[in-house]
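In case you want the letters, here they are:
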Amino acid sequence: MIKFENVTKAYPDGTVAVDGLNLEAPTGKLTILVGPSGCGKTTSLRMINRLIEPTSGTIYLDDQPTSGMDAALLRRRIGYVIQHAGLFPHKTIVDNVATMPVLLGESRQKARIKALELIERVGLPASFAKRYPWQLSGGQQQRVGVARALASDPAFMLMDEPFSAVDPVVRGQLQDEFLRLQREIGKTIIMVTHDIDEALKLGDQVAVMRVGGKLAQMASPSELLTSPADEFVADFVGRDRGYRSLGFTKTAGAVAIGEEAVIQLGASADEARAKASGAWVLVVDGSRKPLGWAQPELVRGEVTREHLNLSGIPAVVSGTMRQLLDAALSSPSRRGVVVDENGELIGTVTATDVVKAIEAEPHLETAR
Ligand SMILES: Nc1ncnc2c1ncn2[C@@H]1O[C@H](COP(=O)(O)OP(=O)(O)OP(=O)(O)O)[C@@H](O)[C@H]1O
Ligand SMILES: [Mg+2]
């Protein structure tokens, strides 16, 4: 657990970067600090490992005030990922990751073996180990930064915009991988971002800060969407709140899934017409995995890949209302394809049925 008790930081020039911050980051959870540029996020983070000393107030690590600890020992317990990775340019990737364990007295050989494991764990090929940071893309360097912070297996991690330097697609992949990793390792993490979508996707809880270093609201992602504390938070969380909050509502059997007749590639135009409902028929492969929708009236001879419309996005049955609704809306037949965990077809849903289930769901009241 990391706890801020009434923590203030005024810089010598009088700037109050953090003002009376009270906040608790629970053990094993991912707490996100989010807020506009200059609101004191980095300052808050760096006060935890005492790269910056608070002007007043106390920060606790598992109920021990950090002010009484030896700063070097304190930093060994806390992994720190800084913005733009901050790798050592003259060291290879494997030695960048192995730095801390070697400093802590582990043999170079042992540390390198562990570093190699971590490099693969964050999704990089082991062949990158011998490269230098300048031979990696920005996103790959950020992965190395995460691996390096994990190398001494710290109980606590501080991450300052760790996924910022990459395009939205790679960013999404890094986030997914990181969520998977955190489910396994369960570290106590405080992560800084100024991207509210990243905060809502990753955070077990999210602290929204406003300029002047004050905490505006601390809540779960779904609570931020459904019950913002004031106009600043509502504004910062942004548009489409109602729709986005569906991303936190599990479908959990609430929506009736209809049976869908299917054909396989190679089916005749006649069969396609017989199985179609309305203008569209669903095409699956030999193991009932959906391939796309076809329009029988356009088929001469037999159904081929050229006939497939791929615009529909299948929803996994254990997913969220938002995914289910999106499956229906993105499907050319307006019937959203629902699959099981293995990607095999269960059936289809209509947007109307999803909306009915949403209206029956008292999630606005139960989000707290
Ligand atoms: N050494 C310093 N001396 C004076 N003011 C500082 C110093 N470092 C930071 N500040 C000020 O403190 C405030 C908070 O800075 P901080 O770096 O914590 O913001 P941030 O929330 O991390 O912003 P960003 O999202 O842009 O990284 C800013 O107004 C900044 O200008
Ligand atoms: Mg910052």
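- Looking up the chain in an unreviewed UniProt entry gives the name ABC-type quaternary amine transporter, with the organism given as Arthrobacter cupressi.
- Under the UniProt heading Sequence similarities (unreviewed entry), the entry covering the chain gives this text: "Belongs to the ABC transporter superfamily."

## Details of the site of ligand 1
Consideration 1: Neighbouring residues of ligand 1: Tyr11, Asp13, Thr15, Ala17, Ser37, Gly38, Cys39, Gly40, Lys41, Thr42, Thr43 and Glu161.
Consideration 2: Here Thr42 contributes a side-chain N or O atom positioned 2.8 Å from an oxygen atom of ligand 1.
Consideration 3: With respect to ligand 1, the side chain of Thr43 contributes an N or O atom lying 2.6 Å from an oxygen atom.
Consideration 4: Isolated, ligand 1 exposes 640 Å² of accessible area, and the fraction of that covered by the protein chains is 62%.
Consideration 5: A total of three residues in the shell around ligand 1 trace back to one element, the largest contributor, which is helix H1 (residues 41-48).
Consideration 6: Looking at side-chain class alone, the shell around ligand 1 contains three nonpolar, six polar and three charged residues.

## Looking at H1
Consideration 1: Burial runs high along H1: six of the eight residues are buried.
Consideration 2: Within H1, the full set of buried residues consists of Lys41, Thr43, Ser44, Leu45, Met47 and Ile48.
Consideration 3: In the stretch just after H1, Arg50 is the one whose phi turns positive, near 60°.

## Quick notes on the sheet that holds strand S14 (residues 315-316)
Consideration 1: Pairing within the open sheet is mixed, and its three strands lie in the order S14-S15-S16. Looking at strand neighbours, the two that pair on one side only are S14 and strand S16 (345-350), the edges of this open sheet.
Consideration 2: Pairing between S14 and strand S15 (residues 335-339): two bridges, direction parallel. Residue pairing across strands places Ala315 opposite Val338, the latter belonging to S15.
Consideration 3: Contacts from helix H12 (residues 321-330) reach S14, S15 and S16, with the element oriented near 130° to S15.

## Points about the packing of aromatic side chains
Consideration 1: Applying the stated criterion across every chain, the model contains two aromatic pairs.
Consideration 2: Seen from their ring centres, Phe232 and Phe236 are 6.0 Å apart, and the 20° between their planes marks the pair as stacked. Within this pair, Phe232 and its partner Phe236 are both found in helix H9 (residues 231-237), separated by four residues, close to a single helical turn.
Consideration 3: Phe232 sits in the partly exposed class, given a relative accessible area of 24%.
Consideration 4: Stacked on the ring of Phe128, the Lys or Arg Arg131 has its end atom at 4.1 Å from the ring centre.

## A word on the domain arrangement of the chain
Consideration 1: Each assigned domain of the chain is listed here: domain 1 (2-237) and domain 2 (262-360).
Consideration 2: For domain 1 versus domain 2, the separation of C-alpha centres amounts to 42 Å.

## A few points about the environment of Leu329
Consideration 1: Within the secondary structure, Leu329 is located in helix H12.
Consideration 2: Sequence spacing of Leu329 and Ile313 is 16 residues, and the spatial spacing of their C-alpha atoms is 9.0 Å.
Consideration 3: Apart from residues no more than four positions distant in its own chain, Leu329 is found in contact with Arg334 and Ala351.

## Remarks on the layout of surface pockets
Consideration 1: Within this model, the largest pocket holds a volume of roughly 1,100 Å³.
Consideration 2: Lining the largest pocket are 30 residues, and of these Leu179, Lys201, Gly247, Phe248 and Gln323 sit closest to its centre.
Consideration 3: Contributions of two or more residues to the lining of the largest pocket are made by helix H6 (168-185), helix H7 (196-202), helix H8 (221-226), helix H10 (241-245), S14 and H12.
Consideration 4: Among the elements that line the lining of the largest pocket, the one with the most residues is H6, at five residues.
Consideration 5: Residue composition of the lining of the largest pocket, grouped by class: 12 nonpolar, seven polar and 11 charged.
Consideration 6: Summarising the domain contributions, the lining of the largest pocket has at least three residues from each of domain 1 (2-237) and domain 2 (262-360).
Consideration 7: What lines the second largest pocket is a set of 16 residues, among which Arg75, Ile78, Tyr80, Met100 and Arg148 lie closest to the centre.
Consideration 8: For the lining of the second largest pocket, a count of residues per class yields eight nonpolar, five polar and three charged.

What counts as what
Along each chain, residue indices are assigned from 1 in the same order as the chain's sequence is written. Whichever chain is written first is A, and whichever ligand is written first is 1; the rest continue in order. Whole-chain, interface and lining totals are the exception, using all residues; otherwise, since this is a predicted model, local features are given only for residues with pLDDT of at least 70 and side-chain atom pairs are given and counted only at 80 or more. Side-chain figures throughout are based on the complete set of non-hydrogen atoms in the structure, without hydrogens or water. UniProt positions are given in the numbering used here, feature names are shortened, and annotations may be inferred rather than shown by experiment. What makes a residue near a molecule or strand is one non-hydrogen atom of that residue sitting within 4 Å of it. Whenever a nitrogen or oxygen atom comes within 3.5 Å of another N or O atom, the pair is scored as a polar contact, on the condition that within protein one atom can donate a hydrogen and the other can accept it, and that pairs from neighbouring residues in sequence are kept only if both atoms are in side chains. Areas reported as accessible are Shrake-Rupley estimates using a 1.4 Å probe. Residue values count occlusion only from the protein chains shown. Runs of H or I in DSSP of at least four residues are treated as helices and runs of E of at least two as strands, each being numbered from the N terminus. Residues are sorted three ways: Asp, Glu, Lys and Arg are charged, Ala, Val, Leu, Ile, Met, Phe, Trp, Tyr, Cys and Pro are nonpolar, and all the rest, Gly among them, are polar. Under the scheme applied here, a residue whose accessible area is under 20% of the maximum for its type counts as buried, over 50% as exposed, and between as partly exposed, the area being computed with a 1.4 Å probe on protein chains only. When DSSP locates at least two bridges between a pair of strands, those strands are taken to pair. Throughout, a contact is declared for two residues whenever any of their heavy atoms are within 4.5 Å. The convention used is that axes are lines fitted to C-alpha atoms, helices contributing only their stretch in contact, and that angles between N-to-C directions extend from 0 to 180 degrees. Aromatic rings from Phe, Tyr and Trp, with only the six-membered ring used for Trp, were paired whenever their centres fell within 6.5 Å, and each pair was classed as stacked if the ring planes differed by under 30 degrees, edge-to-face if by over 60, and tilted otherwise. Two conditions define a charge located above a ring, namely a distance within 6 Å from the ring centre to NZ of Lys or CZ of Arg, and an angle within 35 degrees of the ring normal. For the domains described, the bounds stem from an automatic or database domain assignment. Any residue with an atom within 4 Å of a point lines the site, the site being either a cavity, points on a 1 Å grid over the protein atoms alone where a 1.4 Å probe fits but cannot get out, or a pocket, an open set with protein on both sides within 12 Å along at least 5 of 7 lines. Grid points are joined across faces, edges and corners, and a volume is the space filled by probe spheres set on the points.

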